[in-house]
Amino acid sequence: MKFSRACIAAVAASYVTGALAFIGSTQQRSRFSIGTSRKSSAGGDVGKEVKATDAELVVRTSGTNLVKSEYRPPQGEAFKQDIFPNVPQLITFDATDTLIQLKSEVGMTYRLILHEATRFRSRLPTPAVFTSAFNQAFTETNKKYPCFGCGLGMTSREWWAECTKRTYALVEHIDYERGLRDRMDGPLGDAVAEVLYSEVFASTEAWELKPGVLDALSRFKMWREEGGPQLAILSNFDERLHSILDQVGVADAFDFVLTSREIGSEKPNRSAFEVAMSRAGVAEPSLCMHVGDGFESDVVGASNAGWHSVWIPPINGDDVPTNIDPDLIFSMCGDLFAVLDIFGLDPHFRLIPTTRFVDERGNFMDEVRVYTEEEFDNQDGMLVLPAAPKSWEGPGRL
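What you are looking at is a predicted structure, and each value in this text was computed from that prediction instead of being measured. (Residues numbered from 1 in each chain as written. Predicted model: local features only at pLDDT ≥ 70, side-chain atom pairs only at ≥ 80, totals over all residues. Heavy atoms only, no water.)

**Student:** When you look at the pattern of salt bridges in this model, what are you seeing that I'm missing?
**Tutor:** Once their charged atoms are close, side chains differing in charge can pair, the charge on each being opposite to the other. A complete count under the given rule lists 12 salt bridges for this structure. A salt bridge links R157 to E194; the shortest N-O distance between them is 3.0 Å. Remark: E194 occurs in helix α6 (residues 187-200) and R157 occurs in helix α4 (residues 156-169); sequence separation between them is 37 residues. On the basis of relative accessible area, R157 is assigned to the partly exposed category, the value being 40%. If you follow the salt bridges from partner to partner, you end up with D94, K267 and D298 in one network. (Salt bridge = Lys/Arg side-chain N within 4 Å of Asp/Glu carboxyl O. Helix = DSSP H or I, 4+ residues; strand = E, 2+ residues; numbered from the N terminus. Buried < 20%, exposed > 50% of the residue type's maximum accessible area, 1.4 Å probe, protein only.)

**Student:** Mind showing me how you'd approach the pairing of strand β8 (residues 230-235) here?
**Tutor:** Regular strands show a simple pattern: their side chains alternate between the two faces of the sheet. For β8, the tally of buried residues reaches 5 of 6 residues, placing the bulk of the element in the interior. Bridge count for strand β5 (residues 90-93) against β8 is 4 bridges, and the pairing is parallel. Opposite L90, over in β8, you have Q230 as the bridge partner. Alignment of β8 against strand β9 (residues 256-259), held across 4 bridges, turns out to be parallel. When the bridges of β9 are listed, S235 appears paired with T259. For the segment spanning β8, helix α8 (residues 241-247) and β9, crossover handedness is right-handed. (Pairing = 2+ DSSP bridges. Right-handed = clockwise from strand over helix to strand, strands pointing away.)

**Student:** How do you make sense of the sheet that holds strand β10 (residues 288-292) when you look at a structure like this?
**Tutor:** Pairing between the strands of a sheet comes from backbone hydrogen bonds, and it takes one of two forms, parallel or antiparallel. Strand order in the open sheet formed by 6 strands is β9-β8-β5-β10-β11-β12, with parallel pairing between adjacent strands. Both outer strands of the open sheet, β9 and β12 (331-332), are each paired with one neighbouring strand and no more. In this structure, β5 lies alongside β10, joined through 4 bridges in parallel fashion. Within the sheet, the bridge partner assigned to I91 lies in β10 and is M289. Of the strands in this sheet, β5, β8, β9 and β10 are in contact with helix α10 (residues 270-280), which crosses β9 at around 160 degrees. (Contact = heavy atoms within 4.5 Å. Axes fitted to C-alpha atoms, helices over the stretch in contact; angles between N-to-C directions.)

**Student:** Teacher, can you tell me more about unusual backbone geometry here?
**Tutor:** Excluding glycine, residues mostly carry a negative phi; peptide bonds, for their part, are mostly trans. In this structure, the amide linkage connecting K267 to the following residue, P268, adopts the cis form with an omega of 15 degrees. Residue position: P268 is located in the loop between α9 (260-263) and α10. Its identity is not glycine, yet D97 carries a phi of approximately 65 degrees, on the positive side. Here D97 is to be found in the loop between β5 and β6 (100-102). Phi at F120 is positive, roughly 65 degrees, even though this residue is not glycine. Assignment of secondary structure puts F120 in the loop between α2 (106-117) and α3 (127-144). For F120, a relative accessible area of 38% corresponds to the partly exposed category.

**Student:** Honestly, the packing of aromatic side chains in this entry has me stumped. Any pointers?
**Tutor:** One pair of aromatic rings is described through two measures. These are the centre distance and the angle between the planes. With the rule as written, the count across this model stands at 21 aromatic pairs. Here F134 and F138 contribute two aromatic rings whose centre-to-centre distance is 5.9 Å and whose plane-to-plane angle is 40 degrees, an arrangement assigned as tilted. Highlighted residues: F134 and F138, both in helix α3, separated by 4 residues, approximately one helical turn. Owing to a relative accessible area of 27%, F138 belongs among the partly exposed residues under this scheme. A ring pair is formed by F138 and W160, whose centres lie 5.9 Å apart and whose planes are at 45 degrees; its orientation type is tilted. Remark: W160 occurs in helix α4 and F138 occurs in helix α3; sequence separation between them is 22 residues. Three or more aromatic residues joined by ring pairs form one cluster here, namely Y110, F130, F134, F138, F148, W159, W160, Y168 and F201. (Phe/Tyr/Trp six-rings, centres within 6.5 Å; stacked < 30°, edge-to-face > 60°.)

**Student:** Would you explain α6 in this entry?
**Tutor:** An α-helix turns once every 3.6 residues. As a result, residues three or four positions apart point the same way. Helix length check: α6 (14 residues) gives 19 Å between terminal C-alpha atoms against 20 Å at 1.5 Å per residue, within 8%. Taken together, the buried positions of α6 are occupied by L188, G189, V192, A193, V195, L196, Y197 and V200. Its buried side turned inward, α6 meets α2, α4 and α5 (180-184). (Expected span 1.5 Å × (residues − 1).)

All quantities given are derived from atomic positions and should not be read as evidence of function.
Here it is in structure tokens:
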């Protein structure tokens, strides 16, 4: 049987069109449609239900099946779907790893300070060993003395001394340095704990703003001053947070700062969010939003309190947990600029961190961050990052 060229071309075109349509529908479905249909506050279905085979997505890599549990969209379009239609009267932010971050992993700092205390003569294990020890010590200490010892007659300084000494106790390599363990169990251990508490982790020696935070908070601050929502910090931290925020130059962006140590309750407890509402004078939970990087403490905690929760997942950690409540509704944003975009306030131009000032307009842009053309001559609302002190003070303090 012979086919004409026109017939063959028509069949080929039909095949290509069908394949493209299939690919397009697959991409759209995998990104937006897999999940459970829900009712919006205004009524009606929010996203129709689409079933995935056995509720699983199977990825084949190098002959190995990597099975990922059913993916439920993290409701990143919650506002646009009228699930949370109200513009909030209060927006609270988590601090650690949402606004500020450690300049290096915690184990690196613990190792450096101990090395400094021994005049850099001791042979110590890698920072990862100290990080693992710290994580275990922090969990144990927090379980024994919740909220940094609040309500137990313990100061935060005493709490951190306990955690610090436990961290070093878990590093068995210290025993290999003759006499060092005995010194760490005595005055040297007390001196190291005090330096870590009052100097290193209470200042910009250890802390810095996350990239883009200064620019984003400047826009939030402008919104607040133009009649927008109150801005606050709600963080599982101790009283040193006030000074840290002041040192990194963003304290003025917030109406108030609440730490778990000071209010006697930590996230995800509902009472922590209720304290924030009381402080702001907001009676309706649906008029409150919380932004944070911790899924359990920030997202689940805020949602259970009736707030709209926004999750900014850590880098390489944006997989939605598989054991969550299927009815949990929250928003997922890549950064604070994406949170601004929920309300149509994302700036037109963003600063791209390079070795020189560059933004979407190209090289040689203005060194001062500009949000709109009207604000070229008005920089009064901008937050300015203070000059950072030296990150190493030298061995004299110990």
